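Tertiary structure, described
Chain residues, written in single-letter form:
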Amino acid sequence: MNEHALKLLDFFRIRDDVAGYCLSDEGRERVLGSLPSGDAGTVRDLKERSGSLTVLFRGNIEPPRCSFPPIADAVRKLGKEGFALELEELYGIGIWAESFGRLAAFAAKSAYPSQSAEAVAVPDLAPAAAVVFRIISPTGELRDLPELRKAREAVRRINVDIERATDDLRRDETIRGMLQSDLPTVRDGRTVLAVRANFKGRVKGIVHEVSSTGQTVFVEPEALVVKNNQLVEAEARYRREIARILREATAKLSLHVQAIADARVACAALDAVYARARFSYLGRGEFALDAERGLKLLQARHPMLGSTAVPIGFELPEDARTLIITGPNTGGKTVTLKTIGLLALMNQFGLAVPTSWGTALPVFDDVFADIGDEQSIDQSLSTFSGHMKTVSAISRDASGRSLVLLDELGSGTDPEEGCAIAMALLDRFIERGSLCVVTTHHGILKNYGYTKPGVLNASVDFDRNTLSPTYRILMGIPGESRALDIALRNGVPQEIVAGARTYLDEERADVAALIRGLTEKHRELETMETDRKQRLKEAMDGQRKVDLKELRLRQKETELREQGVGDLRRLLQESRKGLENLVREIKEGQIDADKTKAVKTFIADLERTVADEERIFNEAFRDAPATGASGGTFSEGKAVIITSSRKRGVLVRRAKKGSWLVETGTLRVTLPESELAPAPAESATAPKVSVDTVGAGPKPVFELDLRGYRFVEALQAVQAQVDGASLAGLGLFSIIHGTGEGVLGRGIHEYLKTHPAVADYHFARPEEGGFGKTVVRLK
């Protein structure tokens, strides 16, 4: 990548911010040594990795609690024979090993298969940590080991003897008066007494030190010399034992030196991705979609501007390779250039970009920029010369996959010659196929944007009432520089501005009026678009109401059918009992006239009961709400509903009194009017509303098939499906993700669990896909 462009576009500041989220020195070095990649496969893999960890953060998965102390020097010593690490160095390696295990375990939760597999396959440093923490406590102190207890006990006993001997000396009446202090002190590791200088010859022993005033002499009495010697020897034995333990631990740890070295390499990779994911999550950005050509920015914000950034948005079609942005000073042209360049670099560094979902960016092999003043006194370069030196290098190195950003192209020299050079440069970039975004104030370049194939004009909007920029990008319309308005706003006297307008009116054609007219037309189109969206919303609301009425009708129909079936079941059950009683009576005796009459009466009662139930059922069915049903008498050609079967038919002719010949499908049947009901009108009172959500993204489907998708692409498709379903009123749909290792399904479930529009989700029934398919219900 072009280092000059990386510096101009503030990429190194972004990289430093990302490195600040690293947990280890190894990861920090990896991030600070990395640049945006120009390979599409590498960029895609890096975004998948950081994107999968970002999903864990969004799913409230707790980040690993890690502490990675610097261990580079200790690992170098560990690889050399005969070296013994210090207690602090051993402790640092142990803490590092445990933290590495926690980081790898967190990365193993990734839904991206390659990343989770690599995290599982990292070196196991648990044995190395066990070596360290066998002799060192979690707080970093040496444990109370059996091999140290004997030496420590010897030191303790000698200290007790010294204290007892010191107490005897202080209690001796002949010596007490000679002491400057009753408390013993230590000099060079030996216990001594503070004796007044005029009595130093009276206390036999070794003088170790004299106070600065000369009033006190620190004497080691003869009675303490032997004890102090014993203490020195015991402490030396204790230190030798500690040194032996540290040597043995170092030797055991050296057996794992290769595993530790491999783990440091793996840690650098895992931590670098972790930092990217953490930066992306806390920055509340979205990972850009892949684009072959062109680009699309939605609500894009420059990350360095923080909360003061005004979102910009525009789309450069695939057949356009050059965009010329014009408009007033301080209108946001340069910020737009920097935003495009920096977001492209962030995307190729594996980061989410501060935009709305749906932003699409291609992968550039290099990014070039000429922004700001390139004047240099040291190199004797004027502003124009500095620009030309940079632009010449760009024209030499840019390829068909490069992004070229040029600010104030053709400025700093004669306007006519500057425009000629600018157009020739743009011709070169168009010939090579580079994607080029240019800002300028030259009117000739605005005309170039209209006449040259593959070139588009755009402008930054300007509020004529407040004389201030709105920072919106208007595609297809060139902008005015508004130099006079801005000069007046910044304090230039009114009479000077008026004089300038006079000169301007004499020298130019009415191009400004044309631009103003185009701008007004653009605003009118925006108003029309807003009105269209409002009507679309109203139409969708109407569609929902119609669907709700239809649903209620179907529910009522189902209830009536269930009620009728239940009544018939009860009737059959009661009739069966009565019939069984009659049959039993007949079997038990002879058939006589009374029994025969009872059977006939039972059958007649049953027929009347069935007829009554049928009449009640048909009346209730006809009373069910029918959306758009038209009343009135029956007539030939009238559409009707056959109440017994709920089939639609057409009246052919009257058959006899109270009956009609009805055509339904390919059949013609004669039915009484009591079994017919007017059919609901199909178009008069229940219009069908078709809603086409143009520009609202992919249309939602009843069954979303994600098999073969990468994880990030799958999540993006799920997000688009949920949004589209919410917009279209599709409350229930399914997602096919397959079973496999279950990674894609778990990731989708983690996303659905946190989405505010999702009411419920569950795996499908076994016969409908089981664990390979998820059914989603929206609120």
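Residues numbered from 1 in each chain as written. Predicted model: local features only at pLDDT ≥ 70, side-chain atom pairs only at ≥ 80, totals over all residues. Heavy atoms only, no water.

Moving on, we get to the overall build of the protein. In terms of regular secondary structure, the protein is built from 22 helices and 23 strands. Counting across all 779 residues of the protein, residues that qualify as buried make up 40%. Sequence separation of 24 or more characterises 68% of the internal contacts of the protein that already satisfy a separation of 6 or more. Accessible area of the protein: about 42,100 Å², with a carbon and sulfur share of 53%. (Helix = DSSP H or I, 4+ residues; strand = E, 2+ residues; numbered from the N terminus. Buried < 20%, exposed > 50% of the residue type's maximum accessible area, 1.4 Å probe, protein only. Contact = heavy atoms within 4.5 Å. Areas by Shrake-Rupley, 256 points an atom, 1.4 Å probe, with all protein chains shown as cover.)

Direction vectors running N to C along helix 8 (residues 126-135) and helix 11 (residues 222-254) enclose 170 degrees, while the axes themselves pass 9 Å from each other. Put simply, helix 8 runs roughly antiparallel to helix 11. The segment helix 8 lies against helix 11, with A128, V131, V132 and I135 engaging I245, L246, A249, K252 and L253. (Axes fitted to C-alpha atoms, helices over the stretch in contact; angles between N-to-C directions. Parallel < 35°, antiparallel > 145°, perpendicular 65-115°, else oblique.)

Once that is clear, we can look at the sheet that holds strand 2 (residues 190-196). Across the sheet, which stays open at both edges, the 4 strands sit in the order 1-2-4-3 with antiparallel pairing between neighbours. Strand pairing shows two members of the sheet lacking a second neighbour, strand 1 (185-187) and strand 3 (205-210), which therefore form its edges. In this sheet, neighbouring strand axes are inclined to one another by 50 degrees on average, regardless of whether the strands run parallel or antiparallel. Along the sheet face, helix 11 touches strand 2, strand 3 and strand 4 (216-221) and points at about 70 degrees away from the line of strand 4. (Pairing = 2+ DSSP bridges.)

Attention now moves to the packing of helix 4 (residues 40-58) against helix 21 (residues 711-728). Direction vectors running N to C along helix 4 and helix 21 enclose 55 degrees, while the axes themselves pass 9 Å from each other. Looking at the two axes, helix 4 sits oblique to helix 21. In this structure, helix 4 contributes K47, E48, G51, S52 and V55 to the contact, and helix 21 contributes F711, V712, E713 and L715. The class makeup of the residues in the contact of helix 4 with helix 21 is 4 nonpolar, 2 polar and 3 charged. (Nonpolar A, V, L, I, M, F, W, Y, C, P; charged D, E, K, R; others polar.)

Those residues of helix 7 (residues 113-120) that fall on the buried side of the exposure criterion are Q115, S116 and A119. Buried residues along helix 7 cover an arc of 95 degrees about the axis, so they all sit on one side. Among the structural elements, helix 4, helix 6 (87-107) and helix 12 (257-282) are those in contact with the buried residues of helix 7. (Arc of directions from axis to C-beta.)

Before going further, it helps to spend a moment on helix 8. Those residues of helix 8 that fall on the buried side of the exposure criterion are A128, A129, V131, V132, F133 and I135. Elements that come into contact with the buried residues of helix 8 comprise helix 6 and helix 11.

For the structure on display, the rule yields 29 salt bridges. Put simply, E713 and R710 hold a salt bridge, and the shortest N to O gap is 3.8 Å. Judged by relative accessible area, R710 falls into the partly exposed class, the value being 38%. Each of R44, K47 and D290 takes part in salt bridges that share partners, so that together they form one network. (Salt bridge = Lys/Arg side-chain N within 4 Å of Asp/Glu carboxyl O.)

Inspection of the secondary structure puts S659 in strand 17 (residues 659-664). Contacts of S659, omitting those with residues within four sequence positions, involve R654, T670, L671, P672 and E673.

Let us now look at the nonpolar core. Of all hydrophobic cores here, the largest spans 45 residues; its most connected members are L295, L297, I340, L403, L405 and V437. The biggest single contributor to this core is helix 13 (residues 333-348), with 7 residues. If near-sequence neighbours (up to four positions away) are discounted, I340 is found in contact with L295, L297, F314, L403, L405 and V437. Counting residues in each nonpolar core, the second largest holds 44 residues, with L78, I93, I135 and A263 among its members. (Core = buried A, V, L, I, M, F, W, Y, C linked by side-chain atoms within 4.5 Å.)

Right, let's get into the sheet that holds strand 21 (residues 732-736). If you walk across this open sheet you meet the 4 strands as 20-21-23-22, and the pairing is mixed. Bordering the open sheet on either side are strand 20 (703-705) and strand 22 (758-763), each of which pairs with just one other strand. Direction aside, neighbouring strands of the sheet carry axes that sit 20 degrees apart on average. Pairing analysis gives 3 bridges linking strand 20 to strand 21, with the strands arranged parallel. What sits directly across from E703, in strand 21, is S734. The sheet contacts of helix 21 involve strand 20, strand 21 and strand 23 (773-778), and relative to strand 21 the element is tilted by about 170 degrees. Docked against the sheet, helix 22 (residues 743-754) engages strand 21, strand 22 and strand 23, running at close to 155 degrees with respect to strand 22.

Further remarks concern the pairing of strand 4. Along strand 4, 6 of the 6 residues are buried, which leaves the element largely enclosed by surrounding structure. Covered by surrounding structure in strand 4 are T216, F218 and E220 together with V217, V219 and P221, the residues of both alternating faces. As judged from the 4 bridges shared by strand 2 and strand 4, these two strands associate in the antiparallel manner. Looking at strand 4, one finds that A194 is bridged to F218. Strand direction decides the pairing type here: strand 3 and strand 4, joined by 5 bridges, are antiparallel.

Below, the discussion takes up the environment of E233. Checked against the element boundaries, E233 lands in helix 11. For the pair E233 and A154, spaced 79 residues apart in the sequence, the C-alpha separation amounts to 10.0 Å.

The values reported here are purely geometric and, on their own, carry no functional implication.
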